[in-house]
Amino acid sequence: MIERRPLFTLFCHVMLILGILAIALPVWLALVATTHENTVFATGTPLWFGDLGLQVFKDLLSSDSRFNNSALPITHMLFNSFIMAMTITIGKLSISILSAYAVVFFRFPGRMLAFWMIFFTLMLPVEVRIMPTFEVITNLNMLNSFSGLTIPLIASATATFLFRQFFLTIPKELIEAARIDGAGPIKFFFDILLPLSRTNIAALFVITFIYGWNQYLWPLLITTDAQYYTIVMGIKQMLDVVDGIVEWNKIMATTIIAMLPPVIVVIAMQKAFVKGLVDTEK
Amino acid sequence: MSSHVGFKNKWLPIALISPQLLITLVFFIWPAGQAIIQSTQLEDAFGLSTEFVGLENFISLFNDSNYLSSFFTTLQFSLTVAILALVSALMLSAFAEHITRGSTFYRTFLIWPYAVAPVVAGALWLFLFDPTIGVIGELLALVGVDWNPVLNGNHAMWMVVITSTWKQISYNFLFFLAALQSVPKALHEAAAIDGSGPIKRFLTISFPLISPTSFFLLVVNFVYAFFDTFAVIHAMTQGGPSNSTSTLVYKVYNDGFIGLNLGSSAAQSVILMALVALLTVVQFKYVEKKVAY
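Residues numbered from 1 in each chain as written. Chains lettered and ligands numbered in written order. Predicted model: local features only at pLDDT ≥ 70, side-chain atom pairs only at ≥ 80, totals over all residues.

(A) Looking closely at the overall build of chain A. Helix and strand content of chain A: 14 helices and 0 strands. Counting helices and strands in the order they occur from the N terminus, chain A gives α-α-α-α-α-α-α-α-α-α-α-α-α-α. For a compact globule of 282 residues, the expected C-alpha radius of gyration is about 19 Å, and chain A comes in at 24 Å, more than 25% above that figure. Along the first, second and third principal axes, the C-alpha atoms of chain A reach 75 × 65 × 35 Å. For chain A, the residues scored as buried account for 43% of the 282 residues in total. (Helix = DSSP H or I, 4+ residues; strand = E, 2+ residues; numbered from the N terminus. Rg over C-alpha atoms; globule rule 2.2 N^0.38 Å. Buried ≥ 20, exposed ≤ 12 C-beta atoms within 10 Å, placed from the backbone.)

And the structure:
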């Protein structure tokens, strides 16, 4: 602390608390909405809890509850989201750490070409090449499948860069020592490199899990079969009520269910998250 | 990198890197090439024959007032989101940097929106902005605004801007906080001895010193607003009313996937690729000459 200015410090606290409240406002109102009967909303949004308690959540999560027109129970959508997020995360981390290992610790023909090809993917987000990517998936017969949902998303330039950056800081004496002791490249990778990369793996895990769980455009493009719908897509379906009443209490309960897993991951692994965010971008 | 000792093995590294390369080739580079080829072709309505038309798709795009207005909409949207998200995050991080006690507590409660899916954010805010039952609509009615994002393009634009900004504040906050914390304390102490207060010190010391971070974030926020807000728009407005929130990415999706106009959609994809490439180069140029404080 540089000087004592209790009034200014108080002002900072007040402003931060106001900021937090403003940011939390939509979630607060959503939580309140889940405790009311849907008829309440005809007269406006309530600001305080009603008397339904957790009933709406219980109904939604009970084994076979289907939301008006959606074809899949919410528990099944959650399961799909989980499979998708975990496959993308594990796949992304595995292939990135392997390719970074190859680029940093080996000399082989086409090394720089391979590196630049991976770099190039940074400039090609799905959003800008929607139709041709859809055609590739169609030709490979990967529409409506978990492989189609996940495999195209596990290539990653940022994860490869982060591992490469980290591998470059590993002193060469370590490799020399390992080689003198007779460790081959595979033993070196599993016994030395992998344990050293733990914090980086944790950091990337948080970022990638959120990325995988929150995917929207991709599943929207390649799934027409309701069996593969994720929870994030499910919410959009619920909002599309053509005629009839929008069941706000159920929609808000579903949004809260859908945001809980990634929010819990971020808060529980806050340190790894901050590191992952700052490291992958710089 | 060249001074690094490595293992001598010819096939292992190629085997290690091939999964990544394979996915990159099949799902990234091949479709990008296809987009470039298709952008010079015209397909008939049944997809039976294609004909090479050169730059015709691009020329008709730039003569299409819908496309030009979508360009303008995207710029307006991205600029507003970037400025709002940067200014509010900078203020919050400056407050968080000033206080010594409880900053971790505040950080925890400020970073979680980053984890919320754009569609989920869209649903949450749609509830607040609903013209008949939403809280914000009711508040605005008190000051005489007839809030209706379903019919009023400006209202719809503000709705997607606020939702997109809400999601981006946490990201900017973390980067600004890290940058502010790396400003040397000695500079602040010296200025404090010379009698300048915290606000003056922020404006004359911290803010100029974190300008590389601010510039970097400006680019990142622009990219975010350009490309990552598709889900927000798709969930909240579907580009409407009457295209007032139809950004370039939304239009690529709508023209290609819904309208099935392949040539035009491919040409739009190529233009967007050029834009991402440009923004990526700008971003990496910054990283190269990182300013040391």
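Now that the structure has been shown, we can carry on.
(B) The arrangement of the overall build of chain B in detail. Summing up its helical and strand segments, chain B has 13 helices and 2 strands in all. Expressed as a percentage of its 293 residues, the buried residues of chain B come to 44%. Nonlocal contacts in chain B, meaning residues at least 24 apart in sequence, comprise 69% of its contacts between residues at least 6 apart. (Contact = placed C-beta atoms within 7 Å.)

(C) Region of the structure containing the packing of helix H1 (residues 6–33) of chain A against helix H13 (residues 248–268) of chain A. All names here are of chain A. Remark: H1 packs on H13, axes separated minimally by 8 Å, with the N-to-C direction vectors making an angle of 125°. Viewed along their axes, H1 and H13 adopt a mutual orientation that is oblique. Both H1 and H13 take part in a crossing whose hand is left-handed. For the pair formed by H1 and H13, the contact residues are Ala30, Leu31 and Ala33 on the first element and Trp248, Asn249, Met252, Thr255 and Ile256 on the second. (Axes fitted to C-alpha atoms, helices over the stretch in contact; angles between N-to-C directions. Parallel < 35°, antiparallel > 145°, perpendicular 65-115°, else oblique. Left-handed = near helix turned anticlockwise from the far one by under 90°.)

(D) Fine view of the confidence of the model for chain B. Residue and element names in this part refer to chain B. Of the residues in chain B, 94% have a pLDDT of 70 or more, and the chain-wide mean is 86. When pLDDT is averaged over each helix and strand of chain B, the minimum, 77, is found for strand E2 (residues 50–52) and the maximum, 93, for helix H7 (residues 153–181). Our summary of model confidence lists the complex with pTM equal to 0.89 and ipTM equal to 0.88. (pLDDT = per-residue confidence, 0-100.)

(E) Expanded view of the interface of chain A and chain B. Facing 88 residues of chain A, the contacting portion of chain B comprises 86 residues. A per-element tally of the side of chain A that touches chain B places H1 of chain A first, with 14 residues. Here the side of chain A that touches chain B is built from residues that sort into 64 nonpolar, 13 polar and 11 charged. (Nonpolar A, V, L, I, M, F, W, Y, C, P; charged D, E, K, R; others polar.)

(F) Main features of the environment of Arg198 of chain A. In this structure, Arg198 of chain A sits in helix H10 (residues 198–213). Along the primary structure Arg198 of chain A and Phe106 of chain A are separated by 92 residues, whereas in three dimensions their C-alpha atoms are 22 Å apart.

(G) Up close: the confidence of the model for chain A. With 94% of its residues at a pLDDT of 70 or more, chain A shows a mean pLDDT of 85. The secondary-structure element of chain A with the lowest mean pLDDT is helix H2 (residues 55–61) of chain A, recorded at 77, while helix H3 (residues 74–105) of chain A shows the highest, at 92.

(H) Region of interest: the packing of H3 of chain A against H10 of chain A. Residues and elements named next belong to chain A. The geometry of H3 relative to H10 is characterised by a closest axis approach of 8 Å and an angle of 140° between their N-to-C directions. By the angle between their directions, the pair H3 and H10 is classed as oblique. Note on packing geometry: the crossing formed by H3 with H10 is right-handed. Contacts from Ser81, Met84, Ala85, Ile88, Thr89, Lys92 and Leu93 of H3 reach H10 at Ile201, Leu204, Phe205, Thr208, Phe209, Gly212 and Trp213. A class-by-class count of the residues in the contact of H3 with H10 yields 9 nonpolar, 4 polar and 1 charged.

(I) Structural detail: unusual backbone geometry. Of note, the phi angle at Asn141 of chain A is positive, near 60°, even though the residue is not glycine. Taking the C-beta count within 10 Å as the criterion, Asn141 of chain A has 10 such neighbours and is therefore assigned exposed.

(J) Quick look at the environment of Thr237 of chain B. Residues and elements named next belong to chain B. By the element assignment, Thr237 lies in the loop between helix H11 (230–236) and helix H12 (248–258). By the C-beta count within 10 Å, which is 24 here, Thr237 ends up buried. Measuring from C-alpha to C-alpha, the distance between Thr237 and Ala156 comes to 6.9 Å, with 81 residues separating the pair along the chain. The residues touching Thr237, leaving out its near neighbours within four places in the chain, are Pro149, Ala156, Val160 and Thr245.

(K) Region of interest: the nonpolar core. Counting residues in hydrophobic clusters, the biggest one holds 158 residues, and the most contacted among them are Tyr101 of chain A together with Ala117, Val120 and Phe127 of chain B. In contact with Phe127 of chain B, other than residues within four places in its own chain, are Leu29, Ala30, Ala33, Trp248 and Met252 of chain A together with Gly134 of chain B. (Core = buried A, V, L, I, M, F, W, Y, C linked by C-beta atoms within 7 Å.)

(L) Region of interest: the environment of Glu37 of chain A. Examined against the element boundaries, Glu37 of chain A turns out to sit in the loop between H1 and H2. Separated by 172 residues in sequence, Glu37 of chain A and Phe209 of chain A have C-alpha atoms that sit 34 Å apart.

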